[in-house]
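Fold and contact review
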Amino acid sequence: MAGRINDEDVKAVRDAVPIDAVVSEYLQLRNAGGGNLKGLCPFHDEKSPSFQVSPSKGLFHCFGCQEGGDTLTFVMKVDHLTFSEAVERLAAKAGITLRYEEGGYNPSHQRGERIRLIEAHKAATDFYIAQLESPEAEIGRKFLAERGFDQAAAAHFGVGYSPAGWDHLTRFLRGKGFTDKELILSGLSQDGRRGPIDRFRGRLMWPIRDIGGEVVGFGARRLRDDDNGPKYLNTPETPVYKKSQVLYGIDLAKKDIAKASRAVVVEGYTDVMACHLAGITTAIATCGTAFGTDHIKILRRLLMDNGSARVIFTFDGDAAGQKAALRAFEDDQKFAAETYIAIAPDGMDPCDLRLAKGDEAVADLVEPRTPLFEFALRQIVARYDLETPAGRAAALDEAAPVVARIKNSGAQHEVAVQLAGMLGILDTQFVVKRVGQLARWARDRGGKGPTPQRAPQAPAEAARPGHMGAALNLRNPVYATERELLKLALQHPHLVSPAFDAYGVDEFTAAPYAAVRQAIQDAGGAEFGTQDPQEYLVRVRDAAPDDGVRAMVTELAVEAIMRRTVDEMYAGEQLVTVRLRAVDRRVRDVQGTFTRLSGSHGDPEQLTAVQNELWVLQQYGRALRERGAAAL
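Residues numbered from 1 in each chain as written. Predicted model: local features only at pLDDT ≥ 70, side-chain atom pairs only at ≥ 80, totals over all residues. Heavy atoms only, no water.

1. Re the overall build of the protein chain
Stated precisely, the cut-off is as follows: Elements are defined by DSSP. Helices are runs of H or I of four residues or more, strands are runs of E of two residues or more, and each kind is numbered from the N terminus. Each residue gets one of three labels from its accessible area relative to the maximum for its type: buried under 20%, exposed over 50%, partly exposed in between, using a 1.4 Å probe on protein chains only. Whether two residues touch is decided by their heavy atoms; if any such pair falls within 4.5 Å, the residues are in contact. Computed with a 1.4 Å probe, the accessible areas rest on the Shrake-Rupley method; for each residue, only the protein chains presented here act as cover.
On a plain count of helices and strands, the protein chain comes out with 28 helices and 16 strands. Counting over 632 residues, the protein chain shows a buried share of 49%. Relative to all contacts within the protein chain whose residues are 6 or more apart in sequence, the contacts with residues 24 or more apart total 67%. Carbon and sulfur atoms provide 50% of the accessible area of the protein chain, an area that totals close to 29,100 Å².

Have a look at this one:
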């Protein structure tokens, strides 16, 4: 029976690993003001960054899709882990030994499935690396040397060797405590006639890491003529390895991709190695599949769509490479970055180019690049007989939509003029108008044409959780002030405490805000937040009755305060405004009761009590207006 992780250890893990450090492993973060950071959300597609991280509070929130939470929540969601798996993963990063209740700690039974599979891959990586030094692996070392990779290069990329026997790795991992079920599930072993056998045998091995740096699979290169398998054999789809969602080298390249706003996409493992060793440290490659939508999502989060971002494809110059380039162009509009293609004059890939001409030639490869749309255009035009009117018309029919997809309208016009020249059409304006019509048609119908840039939605106007009814009109000053006060209570409890804790839930007129106020109360009030701010936010989120309210708590805890200088005076203004509006609402209610009782000749004692309450409320309202926070 799996034990429950000790609560103190969970808190220690949450406190030990900064949320911005964890999130930065998956996307580029930039300053958002107020001590917060922003980036493109990893949980939904978006053009402008609405995902915010608050390092001081240990929380994240997306104002677009409403996902939010703490460091553990982020790891659970982004890597599809259970709570225990997320705690274990972060504990390993922080070097924290976890204690388990209900019978202590038994790794073989208590670690989650994903953690176990990752550990199996790590052990396999170490095994393969050690085997590269064996006499049998001479053929692998020779393969690397012939391609210009020495021992240091192999070590840097974790390259190893899988022995040619049937079950060397399987027996090794069994000795480490892994079960046959885990070995089959991981893709490291496969079913044989007498039990599990190694999937990879007698091959050079490249570990494939996810963006967080964990080994999730392998790419295996055939070395011997008697190996009847494919030239490259990859790990099959497993719970931790999805080939359409991993990029080889992304763990090494991600920081430089974010820093330089540039990514270089090559075709193979040795090409990535050659590029990195030649100084192109932004190089990555797909793993046995075409470059697609999920790969674009990974890069977009790192590139941040800042307008100057560049993605450069270095496909081979042969027919297959040209086909791959055209396939990449099909997804071009999913990038906000400009896309290019770079092909060596003699058609060599980066690995061969480095061997033949050295590191400098590889570094130079990505400089004289051609826009991907221009490459696609030339490939299209080359298929038609431009000597005939029918051929020119057919080429225009296929090429014009390509030009219409160019994002920049100025560049679109310029390329349309170029297209007219390529086709030999003397009436340039005819081609320009044709392209413009197609672009407008695509925009109007939501097609693949360029779309006007839409201003990012302000956090305060973002849609609220659906369970709370229609989206709040936060331009309503009543709601805006209530929101601001709750933000202060969550982010700066010392500025509103202890006055805030005397506020009733009914003083918040928006239902979601009333629910957050109740959660703060149930968590011990803002006063508790002055003692332990991080634990306070954890307790408030835990006190929320459902995911919708929990998301609202996270959102308010992360969203920037509307005033640059946040001090006691500003906090007092929000406290007074919310209280004064509550008093005025009560005054109106009591006035209505007094009018009704007066007209019906009601009970004199009741009438007097109502009159007294009305007088007290009016005096209190006057004091709040004249003395402000001092009257609270």
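2. Considerations on the nonpolar core
Here is the rule we go by: By nonpolar core we mean a set of buried residues, namely Ala, Val, Leu, Ile, Met, Phe, Trp, Tyr and Cys, connected to one another through side-chain atoms within 4.5 Å.
F51, F74, I250, I257, L299, F313 and L419 are the most contacted members of the largest nonpolar core, which has 76 residues in total. Not counting the four nearest positions on each side in its chain, L299 is found in contact with L247, I250, I257, A263, V265, I284, F291 and F335. The next biggest cluster of nonpolar side chains, apart from the first, holds 43 residues, and it includes L132, V264, A274 and L353.

3. Describing the packing of aromatic side chains
Between two aromatic rings, the relevant description is the distance of the centres plus the angle of the planes. Heads up, the condition is: Here is the rule: rings of Phe, Tyr and Trp (six-membered ring for Trp) pair when centre to centre is within 6.5 Å. Planes less than 30 degrees apart are stacked, more than 60 are edge-to-face, and the remainder are tilted. Working rule: Lys NZ or Arg CZ, within 6 Å of ring centre, within 35 degrees of ring normal, means a charge sits over the ring.
A full pass over the atoms with the stated rule returns 17 aromatic pairs. Measuring from centroid to centroid gives 4.9 Å for F127 and F172, while their planes differ by 35°, and the two rings are tilted. With F127 in helix 6 (residues 113–131) and F172 in helix 9 (residues 168–175), the pair connects residues that are 45 residues apart, well separated along the chain. Taking the relative accessible area as the measure of exposure, F127 reaches 10% and is therefore buried. Between W206 and Y269, the ring centres sit 5.5 Å apart and the planes meet at 20°, which makes this aromatic pair stacked. Placement of the pair is W206 in strand 9 (residues 203–209) and Y269 in helix 12 (residues 269–277), with a sequence separation of 63 residues. Residue classification places W206 among the buried positions, given a relative accessible area of 0%. Sitting over the face of the ring of F143, R147 holds its NZ or CZ atom 3.6 Å from the ring centroid.

4. Observations concerning helix 9
This is how it is decided: This arc describes the spread of directions from the helix axis toward the C-beta atoms.
Every buried residue belonging to helix 9 is among L169, T170 and L173, and all of these are buried. End-on, the buried residues of helix 9 take up no more than an arc of 100°, which puts them together on one face. On its buried face, helix 9 is in contact with helix 6, helix 10 (180–186), strand 7 (189–192) and strand 8 (195–198). G177 sits one or two residues past helix 9 and shows a positive phi near 95°.

5. What about the side chain of D210?
Formally: Any N or O atom pair separated by 3.5 Å or less is treated as a polar contact, with the protein-specific requirement of one donor-capable and one acceptor-capable atom, and with residues adjacent in sequence counted only for side-chain atom pairs.
Position of D210 relative to the elements: it lies in the loop between strand 9 and strand 10 (215–222). With relative accessibility at 10%, the residue D210 sits in the buried group. A polar side-chain atom of D210 sits 3.5 Å from a polar atom in the side chain of R114. A polar contact of 3.0 Å, which involves the side chain of D210, links it to the backbone nitrogen of G212. Residue contacts for D210: discarding those within four places in its chain leaves R89, R114, V216, I250 and D251.

6. Description of the pattern of salt bridges
The test is simple: The salt bridge criterion pairs a side-chain nitrogen of Lys or Arg with a carboxyl oxygen of Asp or Glu, the two atoms within 4 Å.
In the structure shown here, the tally under the stated rule is 34 salt bridges. Among the salt bridges present, the one from R116 reaches E182, with a minimum N-O distance of 2.9 Å. Note that R116 is positioned in helix 6 and E182 in helix 10, a separation of 66 residues in sequence. Classification of R116 by relative accessible area gives buried; the value is 7%. By relative accessible area, E182 is classed as buried at 14%. The residue E559 makes a salt bridge to K487 at a minimum N-O spacing of 3.0 Å. Highlighted residues: E559 in the loop between helix 26 (547–558) and helix 27 (568–599) and K487 in helix 21 (residues 477–491), separated in sequence by 72 residues.

7. Things to note about the packing of helix 23 (residues 511–522) against helix 26
Short version of the rule: Axis definition: a line fit to C-alpha positions, over the contact stretch in the case of helices; interaxial angles, taken between N-to-C directions, run 0 to 180 degrees. Reported orientations rely on four angle classes, namely roughly parallel under 35 degrees, roughly antiparallel over 145, roughly perpendicular from 65 to 115, and oblique for the rest. Residues are grouped as follows: nonpolar covers Ala, Val, Leu, Ile, Met, Phe, Trp, Tyr, Cys and Pro; charged covers Asp, Glu, Lys and Arg; every other residue, Gly included, is treated as polar.
At a minimum axis distance of 10 Å, the contact between helix 23 and helix 26 shows a crossing angle of 85°. In terms of orientation, helix 23 and helix 26 fall into the roughly perpendicular class. Contacts between helix 23 and helix 26 involve P512, Y513, A515 and V516 from the former and V549, M552, V553 and L556 from the latter. For the contact of helix 23 with helix 26, the residue count by class is eight nonpolar, no polar and no charged.

8. Focus on the sheet that holds strand 11 (residues 232–234)
Inclusion rule: In short, DSSP must find at least two bridges between two strands for them to pair.
The strand order across the open sheet built from four strands is 6-9-10-11, with neighbouring strands paired in antiparallel fashion. In the strand order of this sheet, the two ends are held by strand 6 (160–162) and strand 11, each with one partner. Between one strand axis and the next, the sheet turns through 35° on average, direction left out of account. Two elements, strand 10 and strand 11, share three bridges in a ladder whose sense is antiparallel. Within strand 11, the residue paired with R221 across the bridge is Y232. Strands strand 6, strand 9 and strand 10 of the sheet are contacted by helix 6, whose axis makes an angle of about 35° with strand 10.

9. A look at the pairing of strand 12 (residues 262–266)
Stated formally: Orienting the strands away from the viewer, one traces the path from the first strand over the helix to the second; a clockwise path indicates a right-handed crossover.
With respect to burial, strand 12 is a largely interior element, four of its five residues being buried. Of the strand pairs in this sheet, strand 12 and strand 13 (residues 283–285) are connected by three bridges, and their pairing is parallel. Counterpart to V265 in the pairing with strand 13 is I284. At this point the chain moves from strand 12, through helix 12, to the parallel strand 13, and the crossover so formed is right-handed.

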